[in-house]
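Survey of secondary and tertiary structure
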Amino acid sequence: MNKEFEFIIKSLSFDENYNPSENTRITTNFANLARGSKRQENLRNALKMIDDRFNSLAHWDNPTGNRYCVELEIISVEMDVEGKGETFPVIEILKTNIVDQKTNERIEGIVGNNFSSYVRDYDFSVVLLDHNKNKPGFSTPDNFGDLHGNLFKCFVNSTAYKERFNKQPVICLSVSSKNTYHRTEYQHPVLGVEYQQNEPSMTDHYFNKMGLQARYFMPPNSVAPLAFYFVGDLTSDYTNLELIGTISTMETFQKIYRPEIYNANSVAGKDYQPNLNQQDYSLTQIVYDREERSQLAIEQGKFTEENFIKPYQTILEQWSANYVL
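Residues numbered from 1 in each chain as written. Predicted model: local features only at pLDDT ≥ 70, side-chain atom pairs only at ≥ 80, totals over all residues. Heavy atoms only, no water.

In the annotation of an unreviewed UniProt entry, the protein chain is listed under the name DUF1852 domain-containing protein and assigned to Buttiauxella noackiae ATCC 51607.

Written out as structure tokens, the structure reads:
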């Protein structure tokens, strides 16, 4: 059962003319920006924020602060379970590319960054809710995240991935509002000051099943640490420009979606617990409906159950139970 499923990789430019495809989760960060009457303005403003942040971090030999711009590709991954040409969209990630406007060089960036998954919606919005229904305490099922983690590892180790990408993915998310983070003495030139947490979050456990470990850094001139999930060595496997591409992209998204944390008016202290209820923060000029996003996640989880989990349940369960890298 240690078979290699067929993965089909497609890419689409994320620019001010972007329109989400039918297979894109509509709660995905970039897709959420491209909705409504302000869609093009949202996209243009977000991309400008990314470029400005990149240049502020890549400040050496950049006196006018506009040497670089970031190009983004949406990488959509479809999976053919039975080899019959019927596919399901399992993963969507972002690829950064950096354009040096001084030398006209195009530098390949990191793949990963944002992470979108219908199966994760199913786990958190269907499996977890059903498991805890009418129970006094909160818990997770024993095999929670196993299938999703194995599908991700299978993709990253697939021929399709290796033919397309030279390095392992890095995913960058918000820190957990349920945990406390403690500043350490370690400081990286572009990742910034490292924080460590008091205990792993549920997201940490979930991403660990994907083969990813976590470190937390607050980049220069940021107000809160970001969570980086990766394989290998985050600080030596990637160049400074590659890391800046990820920071500038994902910090911009977090300022839009988590302004209470990432656009706060005060900087995280030595001991820091993120708080989504605090009021001392600034809003960006970008429209976003967070409540709608939560509701849609449940719909997408049910869609996954009906169109992926139930039709292929026996195959997927047997494969996942026996999957070995």
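**Focus on the environment of I171**
Along the chain, the position of I171 falls in strand 5 (residues 170–174). Relative accessible area serves as the criterion here: at 0%, I171 is assigned to the buried category. Along the sequence, I171 and W319 sit 148 residues apart, while their C-alpha atoms lie 25 Å from each other. Leaving out residues up to four positions away in the same chain, I171 has contacts with G112, N113, F115, F152, F207, M210, L212, A227, F228 and Y229. (Helix = DSSP H or I, 4+ residues; strand = E, 2+ residues; numbered from the N terminus. Buried < 20%, exposed > 50% of the residue type's maximum accessible area, 1.4 Å probe, protein only. Contact = heavy atoms within 4.5 Å.)

**Re the pattern of salt bridges**
As enumerated under the stated definition, the model contains 14 salt bridges in all. K10 is the salt-bridge partner of E78, the closest N and O atoms lying 3.4 Å from each other. Note that E78 is positioned in strand 2 (residues 68–80) and K10 in strand 1 (residues 6–14), a separation of 68 residues in sequence. E82 is paired through a salt bridge with K84; the nearest N and O atoms lie 3.9 Å apart. Connected through salt bridges with shared partners, the residues D61, R67, D100 and K102 form a single ionic network. (Salt bridge = Lys/Arg side-chain N within 4 Å of Asp/Glu carboxyl O.)

**A look at the packing of aromatic side chains**
Under the criterion given, the structure shown has 24 aromatic pairs. Ring geometry for F124 versus Y206: centroids 4.9 Å apart, planes at 65°, classification edge-to-face. Here Y206 lies in helix 6 (residues 202–208) and F124 lies in helix 3 (residues 118–132), a separation of 82 residues in the sequence. For the ring pair F253 and Y257, a centre distance of 6.2 Å and an interplane angle of 25° mean the geometry is stacked. A residue pair is termed a helical-turn pair when its members lie 3 or 4 positions apart in one helix, as F253 and Y257 do in helix 7 (residues 240–257) at four residues. You can call F253 buried: its relative accessible area is 0%. Put simply, the rings of F115, F124, F144, F152, Y206, F207 and Y229 touch in pairs and so form one group of aromatic residues. (Phe/Tyr/Trp six-rings, centres within 6.5 Å; stacked < 30°, edge-to-face > 60°.)

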